[in-house]
Amino acid sequence: MDSVTEIIFKLLFLLLVQNWNTIVSGNKYNCDDQLVSALPQSSFSSSSELSNSHSPGFARLNRRDGAGGWSPLVSNKYQWLQIDLGERTEITAVATQGGYGSSDWVTSYLLMFSDSGRNWKQYHQEEIIWAFSGNTNADSVVYYKLQHSIKARFLRFVPLDWNPNGRIGMRIEVYGCTYRSEVADFDGKSCLIYRFNQKSMSALKDVISLKFKTMQSYGILLHREGQNGDHITLELVKGKLSLFIHLGDGKIHSANDQINITLGSLLDDQHWHSVLIEHFNNQINFTVDKHSHHFHAKGEFNYLDLDYELSFGGIPAPGKSGTLSRKNFHGCFENLYYNGVNIIDLAKRHKPQIYIMGNMSFSCSETQMVPVTFLSASSYLALPDTSGQDEVYVSFQFRTWNKEGLLLSSKLHQNSGGLLLYLSDGKVKMSFYKPGKIQSDITAGVGLNNGQWHSVSLSAKRSRMSLTVDNDVTSSTHAAVPTHIYSGGTYYFGGCPNNGNSSECKNPFAGFQGCMRLITIGSKAVDLISVQQNSLDNFSNLQIDLCGIIDRCLPNYCEHGGECTQSWNSFFCNCTNTGYMGATCHYSIYEQSCEAYKHTGNTSGFYYIDSDGSGPLGPFLVYCNMTDTTWTIIQHNNTNLTRVKSANRENPHTVFFKYTATLEQLQATINYAEQCEQELAYHCKKSRLLNKRDGMPLSWWVGRTNETQTYWGGSLPDVQKCACGLEGNCIDSQHYCNCNADRNEWTNDTGFLSYKDHLPVTEIVITDTDRPNSEAAYKLGPLLCRGDRTFWNSASFNTETSYLHFPTFHGELSADVSFFFKTTASSGLFLENLGIKDFIRIELHSPSAVTFSFDVGNGPFEVTVQSPTPLNDNQWHYVKAERNVKEALLQVDQLPQRALTAPSDGHIRLQLNSQLFVGGTASRQKGFLGCIRSLRLNGGALDLEERAKITPGVEPGCPGHCSSYGNLCHNGGKCREKYNGFSCDCTFSAYTGPFCKKEISAYFGADTSVVYNFQEYYTLAKNSSSHASSFYADMTLTRELITFTFRTTRTPSLLLYVSSFYKEYLSVVLAKNGSLQIRYKLDSHQDPDVFSINFKSLADGMLHHVKINREEEVLFVEINQNERMQFILSSGTEFNAIKSLVLGKILEINDVDQETMKANSQGFTGCLSSVQFNHFAPLKAALHHTSSTPVIVKGRFTESNCGTLTGADSTSSETTHSFADHSGPIDEGEPLANAIRSDSAIIGGVIAVAIFILLCITAIAVRIYKKKSIYKKNEAKGSENEDSAETALKCELSMQSTVNENQKEYFF
């Protein structure tokens, strides 16, 4: 279709929609006439009247007739004032006054409306039953403009509260205008067919609008189909509307050949509901009442082949299409329009385009059915029956959301027992009970708490009782009872009175909450209107003549795919497998970045992150590499080196990359990161990136913005260059890329792409590999992002009057705020946002209390968390506040969360309009003194630093992170401040890693010796001619702290030996029996002190942790963190002139005892890990040695992961994850619950490496064989040999790299 035609259709479409809006909304202009003042006296009625002079006819606004207004006989919640407007009218506003010159006025009231004076409906606004604010005195007028106009004939005012010093008194006025409509009544067997005046065509535009009302939960509203089976059906199914679009069998299409959208709920309530269906090209909008669903139909759905016939109310030829129920519609249509054509008007005028099947009238018949609502568990309805009848029969219909509740209770005649009918787990159960007899129970139905109407009939005659549900006689249940049953005098429906007379009504269950109708006792139908008018305490807490059931799952307030279920009073969200938590599945269970995981003490591994927190983006899996900096690694589906041949511009080689996250998730991660990069390697042989003659790119890549990019790794945007072009070192100085030299040999252009707006790479296109000997290969690394700008984004508030301001916070239905703060002030305001009446505020209320307060129209609410310790300790504290339609939550640090439940039928929308103030407000004098960091609202981060740069009294950034995070540095690591965060200095720790928690382990052979010399003193002695003792006075030790971990099966073994220039020493050995011996010789003239720990053999191949702490003559020993043992030394308290520490075998044997000699003769075979001697780390120094390190290593000495709990084999090497395709080492730490550690992944990696090595060996062998046997083949074959050689070389390099990375081995 050409663009001009499309524009015309769009204009027509907009005009049609505009016309429809004008039609269905009634008269929008000047619809404010006074409707009550001209009504006759007979149009007024009420529940009761105090006297003739207080009758409802005197309730006109500003009139002083009679007593000056209406007042009921008794002021209670069952009173009402009603007006009959004579015909359906559009009502746009109401006004109220109290009784003239009296103390009688109503302070709040409900509005109800009806077309027939029966089956009333309550006025809703903001998804709740709206309580109107009334008067504060007798004479002032309170006017209220309705947010949604009412179309009805009858209007009823129901007082809720009134002046406590007076009684109910009202004068009213109603404003609106005449409402015109065309109505058609379908009897459930008829349908209306509208035939087009044009030929069959593919639908380009369609607008269908109508209103309907019905008491039936099933029925077809409209249907249209084509010859090939395409059809559109709008059908009522279980009280909900389903729009069903189906592709017929005449097309070739995918498995997804149908669209089924369901909207609305409880639409079988005999009230008007509006429907709008708009279809233009592939855009479909479906609206039921105020709920809309918008979607784009794809593929074949753009070309539905539909006939020129449209049927309403049913399908003229049943079985022609696959619909859901095939039941015709029984009810009324109003204002039925198709593309601006008034269908009902054509039918009334018997136009030839209309064909009516069956009986259809043009007025809407009203069913006089009176429902009753049981509002609470204390509601009940008592109805009489003739006592002593030998047959009991009761039937009724009910609807509810509750699984449990009493339906009926009756005491039988002359103490012959009683009958109970109740809901249990959504089933109806009937019980007969009699003292001294076994209770008889029968059950029928299932899932009866689904909000639909269900019928129940129970009968009992003589000694037999039966129960039938939903008129299904085939599934009726029966039971025999041990006595004859005679009817009692009263049936209690829904519950029992609270008068203490439990003998008349027994209710061991919860009361029923729901609706009932069509109650029959015996053969007589109960007139509930008479019950209401002649009330003599025979009911309580009921609403008669309306069913007040509400679908609390519509709209669905469960976020992020949470499943909604409900009871009568509330709804519940099942957040299982959503990745979110809370009453509405609002808050993410995952951190928002790897940086956040790291600073809760986690180590490298797989994690789910949720970049926008509670926002619409879901969580996704990444690898977090926790080194000194934090790298987020996001993989894609093609990380292999891929070779390309035979590609040209007409037949390009195109590859698309799919990531483990959506582009929206990637964009959020990239935006928050400090830096992102992605390595792109392009290898080429006679394959150019750019055609220099015409300047056209021959290969390119596409990024997140879907734009073609012609710069390559290591270069900059908008520059058609590679890294060598910027650096000026290309192999041909005439070109800006190595590949553009077009040489018949392999070269490459490789580097990192680092312009964040273009990342990640989503597509690569190569077109220049179709010439002889032309070939290319590419490899794209994972997306790497460093840090999280938002996590450390902070501002310092230096004065109490300073604050930052941001745009209004929009969190109408759900709002969450999280941040860190630190302060020394005793109180202060963190943030505040105001509306006209609504507000939200978080503040430090006192040195140990944080308060979250808000108002959404139900009055102010407040949640406070009290800390047992002061919060103004100048350390970082975390605050998270959330408010949704169900509850408000406040969390401070790890303290117990405080919650506040929202009122079930209160206001739910938080409506704010001022700016958001952070750190103070313009109106409150005392602001916040201190720092606020990482402030997020509904998952979105606020840039405090940028706003602080231009705000007086506020500075960007906040120093002093080590006071809060220093405890994350373990094993003697020291916390070092950084501008954005901190780092752990592991210089004097035996451990390494970002938090000094990673064990440093080594495998020792029998002849291995590691000698750590205390070098500065040794050097001093060597260069002096004096006696050594004169130089070592300051190296005298009175205390040592030694820790290490070992694993071995050999005995005896020498674990550790410390020597002295004075022939003093310390040795730690495993004796022949596997016991640990500590031998201290602190006096060269005495034998050593020997301390043995014999509780078990430690040479069992398991890891054992040893801690030795000497303080002068007292020695403390701990093994495997068991109870600390204490020993006393007798040989002295000073360890003089220590010389060296030996791990493994002592090569220079001095004067040592016999047991140490025996142990040394065997050396040590096994694993030593994390060896610490005071502030020295000899094992770490040996493994990570530099030229200045005072370490001598001899024998086989291999770095290993044998010191970890998972290192099963002491000779195994450390495993590095395949995601480590980036700069910096991988830190493998301990497992975390959030992290995904897969043993199968590691095993698979080992197998893959083994296969890879075998392939490489095969390639080398092939290369050697070809070189020897077919050296003299032609050049083409020779080029293949070059490729094989290149492959073999890559294999060799890969093997060498693999060995070097996985195992460090030193030989001396």
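Up top is the structure.
Now for a look at the structure at hand. (Residues numbered from 1 in each chain as written. Predicted model: local features only at pLDDT ≥ 70, side-chain atom pairs only at ≥ 80, totals over all residues. Heavy atoms only, no water.)

### Points about the overall build of the protein
Right, on to step 1. Of regular secondary structure, the protein possesses 13 helices and 88 strands.
Right, on to step 2. By the burial criterion, 54% of the 1308 residues in the protein qualify as buried.
Right, on to step 3. Of the roughly 58000 Å² that the protein leaves accessible, carbon and sulfur atoms contribute 50%. (Helix = DSSP H or I, 4+ residues; strand = E, 2+ residues; numbered from the N terminus. Buried < 20%, exposed > 50% of the residue type's maximum accessible area, 1.4 Å probe, protein only. Areas by Shrake-Rupley, 256 points an atom, 1.4 Å probe, with all protein chains shown as cover.)

### A few points about the pairing of strand 34 (residues 440-444)
Side-chain direction in a regular strand flips from residue to residue, so the side chains alternate between the two faces of the sheet.
Right, on to step 1. By the alternation rule, side chains of strand 34 split into S440, I442 and A444, which are all buried, and D441 and T443, of which none is buried.
Right, on to step 2. Summarising the sheet, strand 33 (residues 427-433) and strand 34 pair through five bridges and their orientation is antiparallel. Of the residues in strand 34, the one forming a bridge with F432 is S440. (Pairing = 2+ DSSP bridges.)

### Topic: a negative patch on the surface
Right, on to step 1. Judged by side-chain charge, E1111, E1112, E1113 and E1134 come together as a negatively charged surface patch.
Right, on to step 2. Of note, E1113 is situated in the loop between strand 81 (1104-1111) and strand 82 (1114-1119). (Patch = residues over 30% accessible without salt bridge, like charges linked within 9 Å, V, L, I, M, F, W, Y side chains within 5 Å. Salt bridge = Lys/Arg side-chain N within 4 Å of Asp/Glu carboxyl O. Lys, Arg positive; Asp, Glu negative; His and termini not counted. Charge placed at Lys NZ, Arg CZ, Asp CG, Glu CD.)

### Observations regarding the sheet that holds strand 32 (residues 418-424)
Right, on to step 1. Read across the open sheet, the seven strands follow the order 34-33-32-31-37-29-40; overall the sheet is antiparallel. Only two strands of the sheet have a single partner each, and these edge strands are strand 34 and strand 40 (539-540).
Right, on to step 2. Bridge count between strand 29 (residues 380-384) and strand 40: two bridges; the pairing is antiparallel. Considered in strand 40, the bridge of Y380 is made with S540.

### Re the environment of S1097
Right, on to step 1. Structurally, the position occupied by S1097 is in the loop between strand 80 (1089-1093) and strand 81.
Right, on to step 2. Through-space distance from the C-alpha of S1097 to that of T1051 is 9.8 Å; in sequence the pair is 46 residues apart.
Right, on to step 3. Those residues in contact with S1097, other than ones at most four positions away along the chain, are N1073 and G1074.
Right, on to step 4. A distance of 3.4 Å separates a polar side-chain atom of S1097 from the backbone nitrogen of A1099. (Contact = heavy atoms within 4.5 Å. Polar contact = N/O pair within 3.5 Å; in protein donor to acceptor, adjacent residues only side chain to side chain.)

### Considerations on unusual backbone geometry
Trans peptide bonds make up the majority, and among non-glycine residues the majority have a negative phi.
Right, on to step 1. Residue P555 is bonded to the preceding L554 through a cis peptide linkage, with omega at -5°.
Right, on to step 2. Turning to its location among the elements, P555 is positioned in the loop between strand 41 (542-544) and strand 42 (563-566).
Right, on to step 3. Cis peptide bonds are those with omega within 30 degrees of zero, and the linkage from L759 to P760 qualifies with 0°.
Right, on to step 4. Note that P760 resides in the loop between strand 54 (747-753) and strand 55 (763-766).
Right, on to step 5. One non-glycine residue, D742, adopts positive backbone phi at about 55°.
Right, on to step 6. Even without glycine at this site, N971 takes up a positive phi of about 55°.
Right, on to step 7. Inspection of the secondary structure puts N971 in the loop between helix 8 (962-965) and strand 72 (974-978).

### Concerning the sheet that holds strand 64 (residues 861-866)
Right, on to step 1. Pairing is antiparallel in the open sheet, where six strands are placed in the order 59-68-61-62-63-64. In this open sheet, the two strands that pair with only one neighbour each are strand 59 (804-806) and strand 64. Here the strands of the sheet are splayed against their neighbours by 15° on average, with no regard to which way each runs.
Right, on to step 2. Direction of pairing for strand 62 (residues 839-846) relative to strand 63 (residues 849-855): antiparallel, over a ladder of seven bridges. Counterpart to L844 in the pairing with strand 63 is V850. (Axes fitted to C-alpha atoms, helices over the stretch in contact; angles between N-to-C directions.)

### Details of the nonpolar core
Right, on to step 1. Within the largest apolar cluster, 48 residues are counted, with the highest numbers of intra-cluster contacts made by F1044 and L1056.
Right, on to step 2. When residues of this core are assigned to their parent elements, the largest contribution, four residues, is made by helix 11 (residues 1178-1183).
Right, on to step 3. When neighbours within four sequence positions are excluded, F1044 is seen to be in contact with L1055, L1056, V1068, H1104, H1105, V1106, L1168, S1169, S1170 and V1171.
Right, on to step 4. Of all hydrophobic cores here, the second largest spans 42 residues; its members include V372, L408, A444 and L542. (Core = buried A, V, L, I, M, F, W, Y, C linked by side-chain atoms within 4.5 Å.)

### A look at the side chain of R1047
Right, on to step 1. Examined against the element boundaries, R1047 turns out to sit in strand 76 (residues 1039-1048).
Right, on to step 2. In this structure the side chain of R1047 is engaged in a polar contact, spanning 3.4 Å, whose partner is the backbone oxygen of G1101.

### So, helix 10 (residues 1154-1162)
Right, on to step 1. The set of residues buried in helix 10 consists of T1156, A1159 and N1160. Each buried residue of helix 10 sits inside an arc of 100° when the element is viewed along its axis, so together they form one side.
Right, on to step 2. The secondary structure elements touched by the buried residues of helix 10 are strand 77 (1053-1060), strand 78 (1065-1070), strand 79 (1076-1081) and strand 84 (1138-1144).
Right, on to step 3. In this structure D1153 caps helix 10, since a side-chain oxygen of it lies 3.1 Å from the backbone nitrogen of E1155.
Right, on to step 4. In the segment just after helix 10, G1163 is the residue with positive phi, at about 65°. (Arc of directions from axis to C-beta.)

### Considerations on the environment of A647
Right, on to step 1. Within the fold, A647 resides in the loop between strand 49 (642-644) and strand 50 (653-656).
Right, on to step 2. On the basis of relative accessible area, A647 is assigned to the buried category, the value being 1%.
Right, on to step 3. Taking the C-alpha atoms as reference, A647 lies 5.9 Å from D768; in sequence the two are 121 residues apart.
Right, on to step 4. Other than its neighbours up to four places away in sequence, A647 contacts P652, H653, I766, T767, D768, T769 and D770.

### Comments concerning the state of the cysteines
Right, on to step 1. Scanning the entire structure with this criterion turns up 17 disulfides.
Right, on to step 2. Note that C931 is cross-linked by a disulfide to C958, the S-S spacing being 1.9 Å. Judged by the sign of its S-S torsion, about 80°, the cystine formed by C931 and C958 is right-handed. With C931 in strand 69 (residues 930-937) and C958 in the loop between strand 71 (954-956) and helix 8, this pair connects stretches of sequence that are 27 residues apart. (Disulfide = S-S within 2.5 Å.)

### Details of the packing of aromatic side chains
Right, on to step 1. On inspection of all chains with the given rule, the structure shows 46 aromatic pairs.
Right, on to step 2. Centre to centre, the rings of Y109 and F157 are 5.7 Å apart; their planes meet at 45°, and the pair counts as tilted. Of this pair, Y109 sits in strand 4 (residues 106-114) while F157 is found in strand 9 (residues 142-162), placing the two residues 48 residues apart along the sequence.
Right, on to step 3. Y109 sits in the buried class, given a relative accessible area of 1%.
Right, on to step 4. Taken together, a centroid distance of 6.2 Å and an interplanar angle of 85° make the contact between F398 and F512 edge-to-face. Taken together, the residues span a long stretch of sequence, with F398 in strand 30 (residues 391-399) and F512 in the loop between strand 37 (490-493) and strand 38 (514-521) at a distance of 114 residues.
Right, on to step 5. Residue classification places F512 among the buried positions, given a relative accessible area of 1%.
Right, on to step 6. Seen from the ring of F571, K886 lies directly overhead, with NZ or CZ sitting 4.9 Å from the centre.
Right, on to step 7. The side chain of R1124 reaches across the aromatic face of F1116, ending 4.0 Å from its centre. (Phe/Tyr/Trp six-rings, centres within 6.5 Å; stacked < 30°, edge-to-face > 60°. Lys NZ or Arg CZ within 6 Å of the ring centre and 35° of its normal.)

Bear in mind that shape data such as this cannot, by itself, settle questions of function.
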